[in-house]
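The lines below spell out each chain.
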Amino acid sequence: MKADINRRVAVSYQLMVEGKEEDKADSTKPLEFVLGMGQLLPGFEDAVINKEPGESFEIELQPEDAYGVYNIGNIVDLPMSIFTIDGKVMTDMLEIGKVLPMQTHSGQTMMGKVLEVATESVKMDFNHPLAGKVLHFTGRVERVEEVSPEELEAMTHAHNCGCCCGDDCEGHHSEEGCCGEHHHDHGDGGCCGGEHHHCH
């Protein structure tokens with residue numbers, strides 16, 4: 001059975017960025033996703049579609065086709081009041097380099113990296129960790145399965161994660177990543193979207 005739209009596909013893969021391994025999923029715990037549901041980067045799905053189990057794929061995605069170019073405008077200064085609860089600054093959250101889930105006034109969740117902590121403000125970077133990077137994927141299709149109409153219907157109506165950048169933030173005091181397990185987290189997470197992969 002070939003990988004096709006609305007079919008569940010399991011793939012093993014390796015992602016190389018600037019000559020270093022950024023992420024991987026082996027055949028014992030492959031990445032599973034349903035083609036056409038927007039769970040992965042479009043270029044990654046294009047590399048897999050029409051492949052059969054056992055077939056390999058390789059693709060290189062430029063920043064414009066992956067997580068975008070690095071945008072200096074996505075570095076913003078947020079007031080310290082955002083990180084204050086009952087008059088107390090949540091100092092345990094404000095470690096340089098720590099990635100925090102934030103929320104816009106419209107409820108959109110974004111991941112921001114703490115760059116600087118001043119008396120009255122916190123500088124955060126809302127660029128995706130792989131913004132500006134060329135992604136080189138190699139992999140193999142492990143399984144292809146049909147998906148029931150009921151499951152497809154449920155997936156169609158499920159909430160889609162939107163981890164894009166912005167500067168209209170308010171505090172979201174949580175240790176979870178964007179959409180829970182979909183955040184960028186080496187070992188548990190990956191770099192192309194999907195069940196254990198960060199959002200795009």
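Going by the structure above, here's the rest.
Visitor: What is the right way to look at the packing of aromatic side chains in this model?
Guide: What describes a pair of aromatic rings is the distance from one ring centre to the other and the angle between the planes of the rings. Per the stated rule, a full pass over the model turns up five aromatic pairs. Residues Phe 44 and Phe 57 carry aromatic rings whose centres are separated by 5.6 Å and whose planes lie at 80° to one another, so their mutual orientation is edge-to-face. Here Phe 44 is found in helix α1 (residues 42-48), whereas its partner Phe 57 is found in strand β4 (residues 56-61), with 13 residues between them in sequence. Members of the aromatic cluster, each reached through a chain of ring pairs, are Tyr 13, Phe 33, Phe 44, Phe 57 and Phe 137.

Visitor: Can you help me understand unusual backbone geometry in this one?
Guide: The phi torsion of most residues other than glycine is negative, and most of the peptide bonds are trans. We note that Asn 6 has phi near 70°; this positive angle belongs to a residue other than glycine. Note on Asn 6: relative accessible area 31%, which makes it partly exposed. Within the chain, Glu 18 stands out as a residue other than glycine whose phi angle is a positive 55°. Tracing the backbone through its elements, the reader meets Glu 18 in the loop between β1 (7-17) and β2 (20-25).

Visitor: Could you clarify how one ought to interpret the pattern of salt bridges in this entry?
Guide: When the charged atoms of two side chains with opposite charge come close together, those side chains can pair. As enumerated under the stated definition, the model contains eight salt bridges in all. For Arg 8, the salt bridge is made with Glu 151, and the minimal N-O distance between the two is 2.2 Å. Of this pair, Arg 8 sits in strand β1 while Glu 151 is found in helix α2 (residues 149-156), placing the two residues 143 residues apart along the sequence. A relative accessible area of 17% places Arg 8 in the buried class. According to the relative accessible area criterion, Glu 151 is partly exposed, its value standing at 30%. Note that Glu 32 is salt-bridged to Arg 143, the shortest N-O span being 2.3 Å. Taken together, the residues Glu 32 in strand β3 (residues 31-34) and Arg 143 in strand β11 (residues 135-146) connect sequence positions 111 residues apart. Residue classification places Glu 32 among the partly exposed positions, given a relative accessible area of 24%. Here Arg 143 falls in the partly exposed class, since its relative accessible area comes to 32%. A single network of salt bridges, built from pairs that share partners, joins Arg 8, Glu 32, Arg 143, Glu 145 and Glu 151.

Rules and cut-offs
Residues numbered from 1 in each chain as written. Predicted model: local features only at pLDDT ≥ 70, side-chain atom pairs only at ≥ 80, totals over all residues. Heavy atoms only, no water. Phe/Tyr/Trp six-rings, centres within 6.5 Å; stacked < 30°, edge-to-face > 60°. Helix = DSSP H or I, 4+ residues; strand = E, 2+ residues; numbered from the N terminus. Buried < 20%, exposed > 50% of the residue type's maximum accessible area, 1.4 Å probe, protein only. Salt bridge = Lys/Arg side-chain N within 4 Å of Asp/Glu carboxyl O.

The analysis is restricted to geometry; functional conclusions fall outside its scope.
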